[in-house]
Amino acid sequence: MTKTKWALDASHSSVDFSVRHMMIANVKGTFNKFDATIEADPTDLTTASIEFSVDTASVDTRNQDRDAHLVSADFFDVENHPAMTFKATTIEKTDDGEYNVTGDLTLRGVTKPETFAVTFEGQGKDPWGNEKVGFSAEGTISRSEYGLVWNAALETGGVLVADKVKISLQIQAAKAE
């Protein structure tokens, strides 16, 4: 198959994250607004062009006070940095349908290389004849490397919010006309 343009199907996709809270539990959240530009042969992603953009103001942790804190200057600083972006630079096949996708992640004005484990989940036609593909991606970033350093010490030792943030994506895209 040749490289094809794929349009993100946001209603069947998600961008989620989790982070340790109080060193005893994980707090999960999602971003409700995001977009991607994908040009790929889904059976061989090694030549793909992938760009992703997330509206950081769309963060949703099911807690309005926490979400308000996350969009503030203590964390995402959405007033000055309204988007988090990723642009793939290297894609390495690691197994059948499995890839390490490395690219430039920009968050809060800082750009660093990050690698995500990507799985090609499959391809098929929906009931209306649209060609669809599915991918999942997992990775972990260090939030402090992007200037997200706000924290609070706990009386029992440790900190309120861990540095490592796990990112998980479920992507469905339709073949572009």
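Everything below is about the structure shown above.
Presented here is an overview of the structure given in this document. (Residues numbered from 1 in each chain as written. Predicted model: local features only at pLDDT ≥ 70, side-chain atom pairs only at ≥ 80, totals over all residues. Heavy atoms only, no water.)

### Concerning the overall build of the chain
From N to C terminus, the chain includes 1 helix and 11 strands. Each helix and strand of the chain, ordered N terminal to C terminal, gives the series β-β-β-β-β-β-α-β-β-β-β-β. Against the compact-globule benchmark of 16 Å for 177 residues, the chain has a radius of gyration of 17 Å, which places it among compact chains. Structurally, the chain occupies a C-alpha span of about 55 × 30 × 30 Å along its principal axes. The buried share among the 177 residues of the chain stands at 41%. When the 17 basic and 28 acidic side-chain charges of the chain are each reduced to a single mean position, those positions are 1 Å apart. (Helix = DSSP H or I, 4+ residues; strand = E, 2+ residues; numbered from the N terminus. Rg over C-alpha atoms; globule rule 2.2 N^0.38 Å. Buried < 20%, exposed > 50% of the residue type's maximum accessible area, 1.4 Å probe, protein only. Lys, Arg positive; Asp, Glu negative; His and termini not counted. Charge placed at Lys NZ, Arg CZ, Asp CG, Glu CD.)

### Observations regarding the packing of aromatic side chains
Aromatic ring pairs are reported here in terms of the distance separating the ring centres and the angle at which the planes meet. Counting across every chain of the model gives 5 aromatic pairs. Seen from their ring centres, Phe86 and Phe116 are 5.4 Å apart, and the 90° between their planes marks the pair as edge-to-face. You can see Phe86 sitting in strand β7 (residues 83–95) and its partner Phe116 sitting in strand β9 (residues 110–125), a full 30 residues away along the chain. Phe116 matches Phe86 in its accessibility class, with the two residues each being buried. An angle of 50° between the planes, with centres 5.7 Å apart, marks the rings of Phe120 and Phe135 as tilted. (Phe/Tyr/Trp six-rings, centres within 6.5 Å; stacked < 30°, edge-to-face > 60°.)

### Let's talk about the side chain of Ser142
Relative to the helices and strands, Ser142 is located in strand β10 (residues 131–142). A distance of 3.2 Å separates the side chain of Ser142 from the side chain of Ser144, its partner in a polar contact. Each residue touching Ser142, except ones within four places of it in the same chain, is listed here: Asp163 and Lys164. (Polar contact = N/O pair within 3.5 Å; in protein donor to acceptor, adjacent residues only side chain to side chain. Contact = heavy atoms within 4.5 Å.)

### Some remarks on the pattern of salt bridges
Under the counting rule described, the total for this entry stands at 4 salt bridges. Between Asp9 and Lys132 there is a salt bridge, with the nearest N and O atoms lying 2.8 Å from each other. Of this pair, Asp9 sits in the loop between β1 (4–8) and β2 (14–21) while Lys132 sits in strand β10; the two residues are 123 residues apart in sequence, bridging distant segments of the chain. One exposure class covers both Asp9 and Lys132, and it is buried. (Salt bridge = Lys/Arg side-chain N within 4 Å of Asp/Glu carboxyl O.)

### So, the pairing of strand β5 (residues 44–55)
Bridge count between strand β4 (residues 34–41) and β5: 7 bridges; the pairing is antiparallel. Looking at β5, one finds that Ala36 is bridged to Phe52. Here β4 hands over to β5 after 2 residues, the two strands then running antiparallel side by side. Note that β5 and β7 share 5 bridges and pair antiparallel. In the strand pairing of β7, Glu51 is matched with Lys87. (Pairing = 2+ DSSP bridges.)

### Concerning the nonpolar core
Nonpolar side chains in soluble globular proteins tend to end up buried together. Phe31, Leu45, Phe52, Phe76, Ile91 and Val118 are the most contacted members of the largest nonpolar core, which totals 42 residues. It is strand β11 (residues 161–175) that contributes the most residues to this core, 6 residues altogether. Those residues in contact with Val118 that lie beyond four places of it in its chain are Leu45, Gly97, Glu98, Tyr99, Val101, Phe135, Ser136 and Ala137. (Core = buried A, V, L, I, M, F, W, Y, C linked by side-chain atoms within 4.5 Å.)

### Digging into unusual backbone geometry
The phi torsion at Arg62 lies on the positive side, around 65°, for a residue other than glycine. With respect to the helices and strands, Arg62 occurs in the loop between β6 (59–60) and α1 (64–71). Take Arg62: its relative accessible area is 77%, and that puts it in the exposed class.

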